[in-house]
Amino acid sequence: MNKLGETELQNSDKASWTSKNVKGDVQVLLWDFTNTHPGDKELNQTYYIKDLPSKEKGKVKIEVDGMQKGKYVLEIYKVGYKVNDAYADYLAMNKPSQLTRQQVNSIKEKNNGAPIATEKITIDAKGTFSKEFKINENDVVMLNLIKQ
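None of the values given here were measured: they were computed from a predicted structure. (Residues numbered from 1 in each chain as written. Predicted model: local features only at pLDDT ≥ 70, side-chain atom pairs only at ≥ 80, totals over all residues. Heavy atoms only, no water.)

### Points about the overall build of the protein chain
Along the protein chain, the regular secondary structure elements total 3 helices and 8 strands. Beginning at the N terminus, the succession of helices and strands in the protein chain can be written as β-β-β-α-β-β-α-α-β-β-β. Considering only C-alpha atoms, the protein chain reaches an extent of 55 × 40 × 25 Å along its principal axes. Each of the 148 residues in the protein chain was classed as buried or not, and the buried ones make up 34%. Within the protein chain, contacts between residues separated by at least 24 positions form 71% of all contacts whose residues are at least 6 apart in sequence. Of the side chains in the protein chain, 23 bear a positive and 20 a negative charge, and the two mean positions are spaced by 4 Å. (Helix = DSSP H or I, 4+ residues; strand = E, 2+ residues; numbered from the N terminus. Buried < 20%, exposed > 50% of the residue type's maximum accessible area, 1.4 Å probe, protein only. Contact = heavy atoms within 4.5 Å. Lys, Arg positive; Asp, Glu negative; His and termini not counted. Charge placed at Lys NZ, Arg CZ, Asp CG, Glu CD.)

### Topic: the side chain of Gln103
Counting through the fold element by element, Gln103 comes out in helix α3 (residues 101-110). Reaching out from Gln103, the side chain makes a polar contact with the backbone nitrogen of Thr100 at a distance of 2.8 Å. Not counting chain neighbours up to four residues away, the residues in contact with Gln103 comprise Met93, Pro96 and Gln98. (Polar contact = N/O pair within 3.5 Å; in protein donor to acceptor, adjacent residues only side chain to side chain.)

### Section: the sheet that holds strand β8 (residues 140-147)
With respect to topology, 6 strands assemble into an open sheet ordered β1-β2-β3-β8-β5-β6, the strand pairing being antiparallel. Whereas interior strands pair on both sides, the edge strands pair on one side only; in this sheet they are β1 (7-8) and β6 (117-123). Pairing between strand β5 (residues 70-79) and β8: 8 bridges, direction antiparallel. Among the inter-strand pairings, Tyr72 is bridged to a residue of β8, identified as Lys147. (Pairing = 2+ DSSP bridges.)

### Observations regarding the pattern of salt bridges
Counted according to the given criterion, the structure contains 8 salt bridges. A salt bridge links Lys23 to Asp25; its shortest N-O distance comes to 3.9 Å. The class of Lys23 is exposed, set by a relative accessible area of 62%. Note that Lys57 and Asp32 form a salt bridge whose closest N and O atoms lie 3.3 Å from each other. Of this pair, Lys57 sits in strand β4 (residues 56-64) while Asp32 sits in the loop between β3 (26-31) and α1 (44-47), placing them 25 residues apart in sequence. (Salt bridge = Lys/Arg side-chain N within 4 Å of Asp/Glu carboxyl O.)

### Notes on a nonpolar patch on the surface
Nonpolar side chains collect at one region of the surface, where Trp17, Trp31, Phe33, Val79 and Val140 lie side by side and expose about 500 Å² of accessible area between them. With respect to the helices and strands, the residue Trp31 is situated in strand β3. (Patch = residues over 30% accessible without salt bridge, like charges linked within 9 Å, V, L, I, M, F, W, Y side chains within 5 Å. Areas by Shrake-Rupley, 256 points an atom, 1.4 Å probe, with all protein chains shown as cover.)

### Things to note about the nonpolar core
Ranked by internal contacts, the top residues of the largest apolar core, which has 18 residues, are Leu30, Ile62, Val64, Met67, Phe129, Leu143 and Leu145. Setting aside its immediate chain neighbours within four residues, Leu143 contacts Val26, Gln27, Val28, Ile62, Leu74, Glu75, Ile76, Phe129 and Phe133. (Core = buried A, V, L, I, M, F, W, Y, C linked by side-chain atoms within 4.5 Å.)

### Quick look at unusual backbone geometry
Not every positive phi belongs to a glycine, and Asn94 is a case in point at roughly 65 degrees. Checked against the element boundaries, Asn94 lands in the loop between α2 (86-92) and α3. Given a relative accessible area of 66%, Asn94 falls into the exposed group.

### Some words on the side chain of Asp32
Given a relative accessible area of 16%, Asp32 falls into the buried group. Polar side-chain contacts of Asp32 include one of 2.6 Å to the side chain of Thr34. Beyond its immediate sequence surroundings of up to four residues, Asp32 is in contact with Lys57, Ile135, Asn136, Glu137, Asn138 and Asp139.

The structure is reproduced here in structure tokens:
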């Protein structure tokens, strides 16, 4: 969230947040919240120590109007199942009671918060950015459009 700009932009979607900064960069933060817990059938203590793969939720279309014409670098960040997911990596290590220095370094290296993708884009005179991509249960995605 520290990458979000200081000015909130108008947005009608309740599962996202849009902002911009003084340099003209635009940020879109979006998420899915799906409660996957089976309820009274299972205790939290047994459910949340399992490997819980997320299911596909379909496609999301992002559209931002009113952008400045020009070239941008698009950074895509994601937190989700086995993507910047330190807990899944810990579970894959069979939940050691004490992590070794090597295990800690491995978890840090795999979950460093770096963009999962970057690409160069051009916004034309219409000033509209549009992108569609797949999203899974409980994913958090941030798009950062950096003005060049």
